[in-house]
Amino acid sequence: MKYLLSVATAALSIGLTTAAPAIVWKAGSSPASPSHISEQIDTLSLLDATLNNDDSAAASSTGLSAVIFLVGRDADGSEGLVSMASSGKLPGVQEKHAHADSIHYHVDGVESSRTVAKDARLSGGMNVVEVALDEFHRKLASLAQSDQEEESVEDAAVEGGKKVNKAEQKRRRAISEADVLIVSVTDKDNAAAIDSSIVKAIDSKVVQNVILSSIRSTDEVKRSRRMAVVDKMNKSARSASSGRRRRLDEDNENNNDDGNQQQEEGVYYVNMTPNILAGILFFFMFVMVTHLGLSCMNMIEGQDVYVKKLPAIGREV
């Protein structure tokens, strides 16, 4: 068991250097060992494969379809999940690691809880709410109660003798109607509380899927955005130069279709080659010299009057 945990921690450290990892637990699924997936996958595809199934649809009517735990960045901008796992702050998660359904080492697009919530809404069409740890515990406790004992949002307008404002009532109503919860945690939160919350979500009968992931580091987000800008420039250059622009390097024409392999280098197009530019400059110079020559010739003037009999010699004046 210790060997498996050490191998998983090392694999997570390797995966974090390229993208955010994600560990998925599914209720009712007890594989002999988790599936280790190293292929790149975006957040939308991961959530679509996790949420869009019959079990998740059935669970959304009686409980939670999924709970997504997102570990925030450290103070230096690096990913927080690997530091918490390597320092032994998540012992319960390490015990549940062997019962996970799948482990993805390269999940692209985990930039913030807001982007993950957007992808979750697009993938499943469910009610998605971003909550804190205390709100997650209240939601889990309310789902654990029976329908008769469950307190409605309207009855909870007064709590502890204090009146709850409308904003809080609206917030509680949204959480009560949520199908997917996104719990954002940071290194400032209590590590023991984070670990116990994840374990409770995994063991809960009202939660169908649990996903543990980490927000990508600042360097990784910047690198991804630079690559997206370069890819956008390449696509715009290809569309603008279709049929009228020439390649700068014709030797790589056969490799132009595979633009994802070298996105940072890119494939750039120019309006003209050096030979075409030299020809255009020579043309303008030729036109200018011709115009100058014709203008000078036009300035040559002759006499205006011509006579048939010339004056006698010595009588010209």
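See the structure printed just above.
Residues numbered from 1 in each chain as written. Predicted model: local features only at pLDDT ≥ 70, side-chain atom pairs only at ≥ 80, totals over all residues. Heavy atoms only, no water.

The helix and strand tally for the protein stands at 11 helices and 12 strands. Across the protein, contacts joining residues at least 24 apart in sequence account for 84% of those joining residues at least 6 apart. Counting only carbon and sulfur atoms, one obtains 54% of the accessible surface of the protein, whose full area is about 20,100 Å². (Helix = DSSP H or I, 4+ residues; strand = E, 2+ residues; numbered from the N terminus. Contact = heavy atoms within 4.5 Å. Areas by Shrake-Rupley, 256 points an atom, 1.4 Å probe, with all protein chains shown as cover.)

With that out of the way, let us pick up helix 9 (residues 191-203). Over its 13 residues, helix 9 runs 18 Å from end to end, which matches the ideal 18 Å to within 8%, given 1.5 Å per residue. Three or more residues of helix 9 are buried, namely Ala191, Ile194, Asp195, Ser197, Ile198, Val199, Ala201 and Ile202. Capping the start of helix 9, Asn190 holds a side-chain oxygen 3.2 Å from the backbone nitrogen of Ala192, two or three residues further along. (Expected span 1.5 Å × (residues − 1). Buried < 20%, exposed > 50% of the residue type's maximum accessible area, 1.4 Å probe, protein only. Polar contact = N/O pair within 3.5 Å; in protein donor to acceptor, adjacent residues only side chain to side chain.)

Relative to the helices and strands, Val183 is located in strand 9 (residues 180-185). Note on Val183: relative accessible area 0%, which makes it buried. Once you skip the residues sitting within four places of it in the chain, Val183 turns out to touch Val67, Ile68, Phe69, Leu70, Val131, Ala132, Leu133 and Phe136.

Taken as a whole, this structure holds 3 salt bridges when the rule is applied. Arg171 is the partner of Glu135 in a salt bridge, and the nearest nitrogen-oxygen pair spans 2.8 Å. A residue pair is termed long-range when its members are at least 10 positions apart, and Glu135 in helix 7 (residues 133-144) and Arg171 in helix 8 (residues 166-176) qualify at 36 residues. Of the residues examined, Glu135 reaches a relative accessible area of 13% and is grouped as buried. The partner of Arg172 in a salt bridge is Glu168, and the shortest N-O contact between them spans 3.2 Å. On the criterion of helical spacing, the pair formed by Arg172 and Glu168 is a turn pair, its members being 4 residues apart in helix 8. Accessibility expressed as a relative area gives 27% for Glu168, which makes it partly exposed. (Salt bridge = Lys/Arg side-chain N within 4 Å of Asp/Glu carboxyl O.)

With that settled, consider the pairing of strand 4 (residues 64-71). In summary, the side chains of a regular strand alternate between the two faces of the sheet. By the criterion of burial, strand 4 is predominantly enclosed, with 8 of the 8 residues buried. For strand 4 and strand 10 (residues 207-214), the ladder comprises 7 bridges, and the chain directions are parallel. Note on strand 10: the bridge partner recorded for Val67 is Val210. As judged from the 6 bridges shared by strand 4 and strand 9, these two strands associate in the parallel manner. By the bridge assignment for strand 9, Phe69 is matched with Val183. (Pairing = 2+ DSSP bridges.)

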